[in-house]
There are 4 protein chains.
Amino acid sequence: MRIDQQEIRELNNPGTDTHKRCLEGLKTVYSESLIERVVNRLSDFQVALPSWALGAGGTRFGRFSYGGEPGSLEQKIEDIGVIHQLTKTAGAVSLHIPWDIPKDVQAVKELADSLGITFDAMNSNTFQDQEGAAESYRYGSLSSVHQAAREQAVEHNIEVIRIGEQLGSGSLTVWLADGANFPGQYNFQTVLKHAEDSLKKIYRELPEDWKLLIEYKPYEPNFYSTVIQDWGTSFMLANACGEKAFTLVDLGHHLPNTNIEQIVATLMSQGKLGGFHFNDSKYGDDDLTVGSVKPYNLFLIFNELVYGMENNPQNPSLAWMIDASHNIKDPLEDLIQSLEAILIAYAQALLVDREALLEAQQGSDVVRCQEILQDAYRTDVRPLLREARLRSGGAMYPLQAYRELKIRKRLIEERGMRVRATGL
Amino acid sequence: MRIDQQEIRELNNPGTDTHKRCLEGLKTVYSESLIERVVNRLSDFQVALPSWALGAGGTRFGRFSYGGEPGSLEQKIEDIGVIHQLTKTAGAVSLHIPWDIPKDVQAVKELADSLGITFDAMNSNTFQDQEGAAESYRYGSLSSVHQAAREQAVEHNIEVIRIGEQLGSGSLTVWLADGANFPGQYNFQTVLKHAEDSLKKIYRELPEDWKLLIEYKPYEPNFYSTVIQDWGTSFMLANACGEKAFTLVDLGHHLPNTNIEQIVATLMSQGKLGGFHFNDSKYGDDDLTVGSVKPYNLFLIFNELVYGMENNPQNPSLAWMIDASHNIKDPLEDLIQSLEAILIAYAQALLVDREALLEAQQGSDVVRCQEILQDAYRTDVRPLLREARLRSGGAMYPLQAYRELKIRKRLIEERGMRVRATGL
Amino acid sequence: MRIDQQEIRELNNPGTDTHKRCLEGLKTVYSESLIERVVNRLSDFQVALPSWALGAGGTRFGRFSYGGEPGSLEQKIEDIGVIHQLTKTAGAVSLHIPWDIPKDVQAVKELADSLGITFDAMNSNTFQDQEGAAESYRYGSLSSVHQAAREQAVEHNIEVIRIGEQLGSGSLTVWLADGANFPGQYNFQTVLKHAEDSLKKIYRELPEDWKLLIEYKPYEPNFYSTVIQDWGTSFMLANACGEKAFTLVDLGHHLPNTNIEQIVATLMSQGKLGGFHFNDSKYGDDDLTVGSVKPYNLFLIFNELVYGMENNPQNPSLAWMIDASHNIKDPLEDLIQSLEAILIAYAQALLVDREALLEAQQGSDVVRCQEILQDAYRTDVRPLLREARLRSGGAMYPLQAYRELKIRKRLIEERGMRVRATGL
Amino acid sequence: MRIDQQEIRELNNPGTDTHKRCLEGLKTVYSESLIERVVNRLSDFQVALPSWALGAGGTRFGRFSYGGEPGSLEQKIEDIGVIHQLTKTAGAVSLHIPWDIPKDVQAVKELADSLGITFDAMNSNTFQDQEGAAESYRYGSLSSVHQAAREQAVEHNIEVIRIGEQLGSGSLTVWLADGANFPGQYNFQTVLKHAEDSLKKIYRELPEDWKLLIEYKPYEPNFYSTVIQDWGTSFMLANACGEKAFTLVDLGHHLPNTNIEQIVATLMSQGKLGGFHFNDSKYGDDDLTVGSVKPYNLFLIFNELVYGMENNPQNPSLAWMIDASHNIKDPLEDLIQSLEAILIAYAQALLVDREALLEAQQGSDVVRCQEILQDAYRTDVRPLLREARLRSGGAMYPLQAYRELKIRKRLIEERGMRVRATGL
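Conventions we followed
Residues numbered from 1 in each chain as written. Chains lettered and ligands numbered in written order. Predicted model: local features only at pLDDT ≥ 70, side-chain atom pairs only at ≥ 80, totals over all residues. Heavy atoms only, no water. Helix = DSSP H or I, 4+ residues; strand = E, 2+ residues; numbered from the N terminus. Rg over C-alpha atoms; globule rule 2.2 N^0.38 Å. Buried < 20%, exposed > 50% of the residue type's maximum accessible area, 1.4 Å probe, protein only. Contact = heavy atoms within 4.5 Å. Lys, Arg positive; Asp, Glu negative; His and termini not counted. Charge placed at Lys NZ, Arg CZ, Asp CG, Glu CD. UniProt positions renumbered as here; feature names shortened; annotations may be inferred. Axes fitted to C-alpha atoms, helices over the stretch in contact; angles between N-to-C directions. Left-handed = near helix turned anticlockwise from the far one by under 90°. Nonpolar A, V, L, I, M, F, W, Y, C, P; charged D, E, K, R; others polar. Salt bridge = Lys/Arg side-chain N within 4 Å of Asp/Glu carboxyl O. Least-squares fit on C-alpha atoms with pLDDT ≥ 70 in both. Buried area = accessible area lost by both parts, 1.4 Å probe. Polar contact = N/O pair within 3.5 Å; in protein donor to acceptor, adjacent residues only side chain to side chain. Phe/Tyr/Trp six-rings, centres within 6.5 Å; stacked < 30°, edge-to-face > 60°. Pairing = 2+ DSSP bridges. Right-handed = clockwise from strand over helix to strand, strands pointing away.

1. Considerations on the overall build of chain A
- Along its length, chain A carries 16 helices and 11 strands.
- The C-alpha atoms of chain A give a radius of gyration of 22 Å, which matches the 22 Å a tight globule of 424 residues would have.
- Taken along its principal axes, the extent of the C-alpha atoms in chain A is 65 × 60 × 40 Å.
- Within chain A, the proportion of its 424 residues that are buried is 70%.
- Excluding contacts between residues fewer than 6 apart, the proportion of contacts in chain A whose partners are at least 24 apart in sequence is 81%.
- Side chains of chain A carry 42 positive and 58 negative charges; the gap between the two charge centres is 3 Å.

2. Here's the deal with the environment of Gln-75 of chain B
Residues and elements named next belong to chain B.
- Mapped onto the fold, Gln-75 is located in helix 4 (residues 73-87).
- When the C-alpha positions of Gln-75 and Met-1 are compared, they lie 8.4 Å apart, and in sequence the two are 74 residues distant.
- Look past the residues within four positions of Gln-75 in its chain and what remains in contact with it is Glu-69, Pro-70 and Arg-415.

3. What to know about the UniProt feature "domain: Xylose isomerase-like TIM barrel" (unreviewed entry) in chain A
- UniProt records the feature "domain: Xylose isomerase-like TIM barrel" (unreviewed entry) at residues 102-287 of chain A, using the numbering of this structure.
- With 37% helix and 16% strand, the stretch residues 102-287 of chain A has end C-alpha atoms that lie 26 Å from each other.

4. Remarks on the packing of helix 3 (residues 32-44) of chain D against helix 11 (residues 331-351) of chain D
Residues and elements named next belong to chain D.
- Helix 11 packs onto helix 3 with a crossing angle of 145° between their chain directions and a minimal axis gap of 10 Å. Of the two possible hands of crossing, helix 3 and helix 11 adopt the one that is right-handed. For the pair helix 3 and helix 11, the contacting residues are Leu-34, Arg-37, Val-38, Arg-41 and Leu-42 in the first and Leu-343, Tyr-346, Ala-347, Leu-350 and Leu-351 in the second.
- Of the residues that constitute the contact of helix 3 with helix 11, the class distribution is 8 nonpolar, no polar and 2 charged.

5. Side note on the packing of helix 7 (residues 188-204) of chain B against helix 9 (residues 260-269) of chain C
- Packing of helix 7 of chain B against helix 9 of chain C leaves a shortest axis separation of 9 Å and a crossing angle of 65°. Here helix 7 of chain B runs over helix 9 of chain C; the crossing is right-handed. On helix 9 of chain C, the residues that touch Phe-188, Gln-189 and Leu-192 of chain B of helix 7 of chain B are Glu-261, Gln-262, Ala-265, Thr-266, Met-268 and Ser-269 of chain C.
- Of the residues in the contact of helix 7 of chain B with helix 9 of chain C, the class split is 4 nonpolar, 4 polar and 1 charged.

6. A look at the pattern of salt bridges
- Using the criterion set out here, one finds 104 salt bridges over all chains in the structure.
- Of the charged contacts in the structure, one is a salt bridge between Arg-408 of chain B and Asp-330 of chain B, with a shortest N-O distance of 2.6 Å. Taken together, the residues span a long stretch of sequence, with Arg-408 of chain B in helix 16 (residues 407-415) and Asp-330 of chain B in the loop between strand 11 (319-322) and helix 11 (331-351) at a distance of 78 residues. Asp-330 of chain B matches Arg-408 of chain B in its accessibility class, with the two residues each being buried.
- Residues joined by salt bridges that share partners form a network here, namely Arg-60 of chain A together with Lys-217, Glu-220, Asp-285 and Asp-287 of chain B.

7. Let's talk about the relation of the copies chain A and chain D
- Mapping chain A onto chain D calls for a screw motion: a turn of 180° about the axis and a shift of 0.0 Å along it, with 0.0 Å RMSD after fitting. Such a combination of turn and shift is consistent with a two-fold rotation axis. No C-alpha of chain A approaches the rotation axis more nearly than that of Gly-232 of chain A, which lies at 2.1 Å.
- Most of the interface of chain A is mirrored in chain D, where 100% of its interface residues again form contacts.

8. A short note on the interface of chain A and chain D
- With 51 residues of chain A in contact, the opposing surface of chain D contributes 51 residues.
- Between chain A and chain D the total buried area reaches about 4,300 Å² when both faces are included, carbon and sulfur atoms providing 57% of it.
- Looking at the side of chain A facing chain D, the largest losses of area belong to Phe-188, Gln-189 and Gln-262 of chain A, adding up to 16% of the total buried there.
- The interface formed by chain A and chain D holds 0 salt bridges in total.
- Where chain A touches chain D, the interface holds 20 residue pairs in polar contact (both at pLDDT 80 or more).
- Mapped by element, the contributors of at least two residues to the side of chain A that touches chain D are helix 7 (188-204), strand 8 (225-226), helix 8 (231-241), helix 9 (260-269), helix 10 (295-311), helix 12 (354-362) and helix 13 (366-378) of chain A.
- No other element matches the 7 residues that helix 9 of chain A contributes to the side of chain A that touches chain D.
- For the side of chain A that touches chain D, the per-class residue count stands at 24 nonpolar, 24 polar and 3 charged.

9. What about the packing of aromatic side chains?
Residue and element names in this part refer to chain A.
- Per the stated rule, a full pass over the model turns up 86 aromatic pairs over all chains.
- Note on Phe-299 and Tyr-377: the rings are 5.3 Å apart at their centroids and 45° apart in plane angle, and the pair reads as tilted. Of this pair, Phe-299 sits in helix 10 while Tyr-377 sits in helix 13, and the two are 78 residues apart along the sequence. The two residues Phe-299 and Tyr-377 agree in class, both being buried.

10. Things to note about the pairing of strand 11 (residues 319-322) of chain A
All names here are of chain A.
- Burial along strand 11 is two-sided: Ala-319 and Met-321 and Trp-320 and Ile-322, pointing in opposite directions, are all buried.
- Pairing analysis gives 4 bridges linking strand 10 (residues 273-278) to strand 11, with the strands arranged parallel. Along strand 11, the bridge assignment pairs His-277 with Met-321.
- The handedness of the strand 10 to strand 11 crossover, carried by helix 10, is right-handed.

11. Some thoughts on the interface of chain A and chain B
- Contacts between chain A and chain B engage 42 residues on the former and 42 residues on the latter.
- With both sides pooled, the region where chain A packs onto chain B buries about 4,000 Å², and carbon together with sulfur makes up 62% of that total.
- Looking at the side of chain A facing chain B, the largest losses of area belong to Arg-60, Phe-61 and Arg-138 of chain A, adding up to 23% of the total buried there.
- Our enumeration of links across chain A and chain B arrives at 6 salt bridges.
- A salt bridge links Glu-220 of chain A to Arg-60 of chain B; the nearest nitrogen and oxygen atoms lie 2.9 Å apart.
- Connecting chain A to chain B are 12 residue pairs in polar contact (both at pLDDT 80 or more).
- Its residues assigned to classes, the side of chain A that touches chain B comprises 20 nonpolar, 12 polar and 10 charged.

12. Considering the side chain of Asp-287 of chain B
- With respect to the helices, strands and loops of the structure, Asp-287 of chain B is situated in the loop between strand 10 (273-278) and helix 10 (295-311).
- Polar side-chain contacts of Asp-287 of chain B include one of 3.4 Å to the side chain of Asn-279 of chain B.
- Once residues lying within four places of it in the same chain are set aside, the contact partners of Asp-287 of chain B are Arg-60 of chain A together with Asn-279, Asp-280, Asp-323, Ala-324 and Ser-325 of chain B.

Have a look at this one:
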C-alpha cells in the first residue's frame, strides 16, 4: 500500500500557521542561517530500516503477534515506503539474509526505487541453523573450532555479498554471535584467530567500493564470553582485515555504564567508525524504541558524530540503521517514534555552539561547557523537524498522520491478522 | 528408562579404595563427627527439577535441539528418575502448568512414586498466551489494567493449585513477568495495587498447609520496569497476603553486583524466605549451570542458608529448585553438574567453624573471619559427596556414570532425534 | 556577603522582552491556566542545601581546593543566601553535625531568618571518628557488634536532634554507612538487629512532630555489604520504628540500572517516602551536578513525585536536598546548575497531561503513553522558570548573574584563597 | 625489623608431618612430576608490593589509622621484607613517586638487596597536586588542554624513570587518571591526541631495556569519562608508542561484568600484556584483598596467564603487583592473604589438564571442558603452597606465623601508634 500524497498535504495544512509561529520563536535564540542549515541537514539525513523490523519482535519468553505483518520482502519494503512517505527519513532498507532473499531481484529493486528506497548494508546470519544446513552453528560459526562450520559461515557471507551486489548495496555487516556459555568451552586465542582468518576470507571477496562492518557485543546469545566482545576487539580485527573494514557500533551492545560517545569519538579519530545501529535500553540489549530511555545519551553521541562528520575526513560516511525490537507496539509506529528521536538528537547536536564550546574547553570552564551542551539539548527542536518534513513533502506529525490515515487497519485488511513476518 | 542398580554398583566398585583414602585425608583436618554430620545432611538434601528443564533451552536468537528430548510429562519424570538414581539428590519435580498438565493424575503419581520423586512447588504461567485463550497477557496478567485479563490469570493460578493438590504438592510459585517496556506505559501504583489484589485472591484459595511463593525479578521479559522488581516488593506483597505467603529468591533475578546473600539472611530473619531457584549467571538472568561462574558466591549464599536453617525457626523449610536453561549442553548432564555444585557449596558451608566465626566477628577480627570462611571453601569436599552417594546407592561419579551408561544414546534410541520438549 | 536586590533587577531588565515573547510561545501549546499553575508551583518549590556542599569536594585520590570557601557555619549560610537570592529556590539549609555545630544558636537562626532560609533535616555523622571520641566507628556504629560504639552513635544522633530542635528543624536524616568489606566480617542478621534496635532508641527521642528519615545505599564506603543496602531494608526498618519513620531516597545510592522512579512510586503508595537527595551519576555514587548525566531519568522520577504529591495523601510532604560533590566546579555555580535542572524536571512533570495519560494507560496505548511523557519532556520549559524567578525577585539567569556580579571574586577577596570548608 | 629465620623454622616444625600426609594425598590424584613442577613454579613466582600499600588505606569518607605504620621508605621496604621472609613470594617493591623518593639511593638499594627484594615497575603520580607545583592537575595532566600542565606531567614521568634507573627498575607504569566529570568538559579527540603525544615523549626517554606499562580504567576519580577508559584505548596507545609499550591490566579497573580473562588472552595473543595489578572487588575499584570476593574469576584469569606464558613467546614476562587498599585490616595481614590467594589460583591453573582440555574443546564437549577446569579449581592446593614455602625457608602458615611472632606489636613498639604512611 501507498499513501496518496494529497492525504498528507491535507493533514499538514491546518497546523501550518502554528508551526510557522513556533519556528519563528526559535529565531529569537538562533540565527536564521543556523536554522536553515539544521533544517537542510535534517532533510538530508536518511536512516535504513532493517527488513526484520517490520514484524513483531519477541523475547525468549514469548512473542505477541501483530495484525497486518508483512508476509514477504515486497511487503516489508512497502511498509518502509509508508514510513518514508510520512517521515522522509527512512529512505533505505537493510536486508537480512537468509530471512529476506529476494526472489526476483529486478522486481524488488524496481519496487524500492519507486518508493525512494535504497539498499543499505547487507546482514548475514550465522547465529541460527537454517533448515537443511550441513553444519550447525551451535558451537560457533566464523570462529568455530570446526573447520566445516567456519567454511559454511564464510560461504554464507560471500553469498550475502553477491546478493547485495545485485541490489546495489555497498557494505556487509557481520554480527558474530559466536561465544561461549561456560568457562573453558573454547580457547580464547584459538577462536579469535579463527574469527580473524574467516573475516579476512570474507574481506577478500568484498567488491572494491564496499565496506565490511564488524559489530561487537559483550554478551547474548552467549552468556560467558563473546568472541568480538568490545570495540577494541572489533577495531583490532578491522585493522587486521584492511582499510575497507570498519567497526560498527550498536547502542545496545555495551556493558552497564559504558561511555559510548567516547568510543564513537575514538573510532572516528582513527577513521574506523563504519556504521551505527540505533535503539535504546535500560538493562542490556533491550532493543527498545530509540530515545525512549536515555535521550540525553543519544544527544551526547550525536554530538560526537556531528563533530566527527565535520572534523574527521579520515572517517567514511556512516551506515545508519535502526535495530530495535517491537514486542508490544505496532512496529511501524515504533519506527516512526525512533526516527523522530534520532532527528531530535541530531538537530540538538547541530545547534551546539561549537566555537563557544571550544573556547570554554580551552579555558577549562567546566560549568560553561555543560551550559553550552544543555542549552542546545533543552531547546525544543521539533519545529525544525516539522519544517524539514514540510519542505520534503512528509507529514508534519508523522505518527498522528499514521493514525489518522488508519494505516494499520488498512494493512490488516490487506494482509489479514495471522501473517507472521520472518525475523526473530 | 531406568538404570539397573547393579550397573551403578559396578561403576562404583573400582574407585572405592581411593575414595576411602581421600575421605580419611579429610579427617586430618575435620573431626569424624563433623564429617558424619555433613555426609548425613548431604544425603538428606533434595532439590526439585522443573519439568521444563529436561529439554533444550534457547534464547531469542534461536534454539539448538537435542536428541532424545522427553515428549511427555511421563518421560520428563523418567529423566528426573535417572538423575535421581545417579545423584540421589533430585527427588522432586516442580511442574509448570500448562506445559505439563498431567493427563492421568494417578498414573503420574504412581510413576513418580516408583522413582522416589515427590511433587514440589507448582508453577503457573501467565507470561505467554495459550492457544485459544480469551484474554492476552501482552499488557500484563495479574497486574493488568484489563480486568478480564487479571481474572483469567487469577483463575489460571487457582487451577494450578487444584492440580497441585491432586498431586500432593504443597506450594504455588508465582513468577509475575508483568512489567512495562516504556516509561509511562502504566501507572506504577495502579499495577502494584492490582498485583496485590490478584495475589490475595489466589492466596484465599490456597489449601491450609500450602505456601504461596512470590518471585521477583528486575527485568526481562520487560525492559523498562517489572511490577515485582525486587525482594522488597515481594516481601511487601507477601506480608500483605498473610503468613502463608513468602518470598522466593532466584539467583539470576538481580541487578549487577547485588549482595544476594544479605537478602537471604534478611528474609530468613523475618521468617519470609520460602524458596530458592538455583542457576548461575555473569550478565543477567543467564540461567547457566549452577556454580559454573560464581561458585564462591554460591558458597556465601549457602553459608547464610545454613545459618538460617539452624537459627531461624521462624522461617519455614525451603523449596529448592534448579531453574536453568540448557542451550548447548545435554540437559541431563547440565543438571548433574548443577546438583554437584549445589552439594559442594552446601558441604563447604556446613564445614564453616561457626563458633570460631562468631568469636572472630565479636572481636572484629576481620582477617580471621575471612580465613574461617575460606578455610571451609578451599577444602576439597568432593569425597563427602561421594560418601553420601555411596551410602544412598547413588553413583560416586554421577556424570561419569551417565556417560559410561550411555544414557543419552539410549534415550535417543527410545525417543528419536526430533522430539521437542514443551517449555521455552 | 549579600547581593543588592537592585543589582538583580538591573540584570533582569534587558532580557525581559525576549522572555515575555518566549513565554507567549508556550501559550500556543499549553493553556494559560496550566502555565500559571506551573509557575506558581515552581515559585513555591524550595530545596535545602547541605552545609557541607559549599566547599570543594574530593575523591579518595585527592581534592582540589577552591578560593573563597566558607570558613564557618555563618559563611556557609551566607553562601546559601546568595544562591537563594539569585534562584529563589534554595530557601533551606540542612546541617551536618559535627561539622557544623552552631556556636551561637540564636545568632545563626537570626542570620538564616534574615536570608529567608529555614533549617531542614539534620544530618548525623557516624562514619568518621571524631578527634577524641571514646569509641571508633571503624567496624560500624549503630549496628556495631560493640555495644559501646552503638551507644555512642545513638547518643550522637540524639544530640543532633537536640541541636535541631533549637534551630527549628523537623527531621533527622540517618545515613548509616555501616557495612562490611569482606564476606564473613559480620553476621548479617546480628547487625541488622542492632541497627533496628539503635534506630528505635533514636526514634524514641524524636520530638512529636519530627520525622526520622532512613537512607539506604548498596555500597561505599564499605565494599562487600552495607547494613541498609536498599529501599526494602530501609522500609522494613521504618515500619519497625513507627509512623514517624520514613525512607529517604538518594539518587546516587542504587545499583546499576535500578528503576528508581518505581521505588519512589512504591514508597509513596505506602506513605513511606520521607525525603529525597538530588545528584546525578553515571557509575556509582558519583555525586555529580543534578541533571548533568541523566536528565530524562530525573524527569521520570519527578513524574512519580508529582503524581504522588497529588494522589497520595498518606505520604508526608518531602524533605528535598541536593547532595552532590564539587570537585572541579565552583560549588555555588554547581548548585545553581543543579537547582535549574531540578526545576526543569519538575516543570516538565507538571506539564504532563495526566488525564490523557490515564486514558492511554487504560487502553494500553503504549505508543501514546510514551508520546504524552515525551511531549512534556521535549518542551523547553525554561521560560516558566524565568517567569517564576522574575515574580519572586530572583534573577532570570542566575548563573549569568552570579558571574556578572563576580560573586566568587568578591568571596575570595573577603575570605582569601586558602580557607578550607569543613566536610568531605 | 627482621624475623629470625630460626623462629620460622620452629613454627613450621610441629605441622610438618600433617603437611606431608596432605601432600601425599594429592598424589593419589596428580602425578608426582606434575606436583614437582607446580611446587617449583610456585617457589619461583614473585609479586611486587607497592610502597603505598604498607599503611592504612581509606575512602573519601574517611580513613582509620593503624598503629606501627612505616614512616619512611626504608621502613616500608622492611615491612615487605617481613612479608617476604614469611611467604617467599614478595621479593619485589614497586615505588610510587613522589610519595617515596629515596633520599639515599645506595642505602635503599643495599637494604632491599639484603632482604632479597628487587625494584619492580616505577609508578608516577599526576593525579594529585604536589605542594608548590607550578601547574595543577585539576583538569588533567598528560592529556590536559593546558600545555604547561602536560609538560610538567611529562617531566615528572621522565624524572621517575631516572630514579628507577638508579634503583635497577626496568619499567614505568603510567596510570592516567585524566578524565572529565561532565559531558562536554573536554573534546574526546583532543585529549586522546594529547595523551598519545605525551606518552610518546615519555617513551622516547625510556632506557633501551625498559618497558612502558599503560594502565586503563573506566571511571574514578573522574565520573563521566576517563581518557584511557579501556584496554582497547591502552592497546591503541601502546601500539602508537612502539614495541616497548604494553597494556597493564588492573583487576578492579573494569565495568560491571567485564570478561577480564578474555582481555588477558587477547592481549597476550598480540604480545601486548605488560603487567598485572591484583586486587578484588564487588562493585567498582574496591581494592579489596585478592581472592576475597571472586576467587573463581581469579583462577580463570590465571588459567589464561598460564596458557599465555606457555604459548605466547611474543609476550614479555609480566610485572606482577598487588594494588589493594587496607581500610580495616592490618595491611601486612591483608597482603599475606592476597599472596596466598594469588598462589592458590596460580597452582590451580597449573593443575589444569591442558591436553584433555584441548581435546574436549576440539570436540565441543562443553560439559567436559567445564569439568576439567573445575576439577583443578576444586582441588585443595594449599599443601603445594606449603611445600613450596617449606623448601624456600618461608613459613608454612604465614598468617599464623605473623600473629604468633606478634609482628604488629613489635612494629608498634618500634614506630609508635601515630605515624602515618605516605600514600592515599
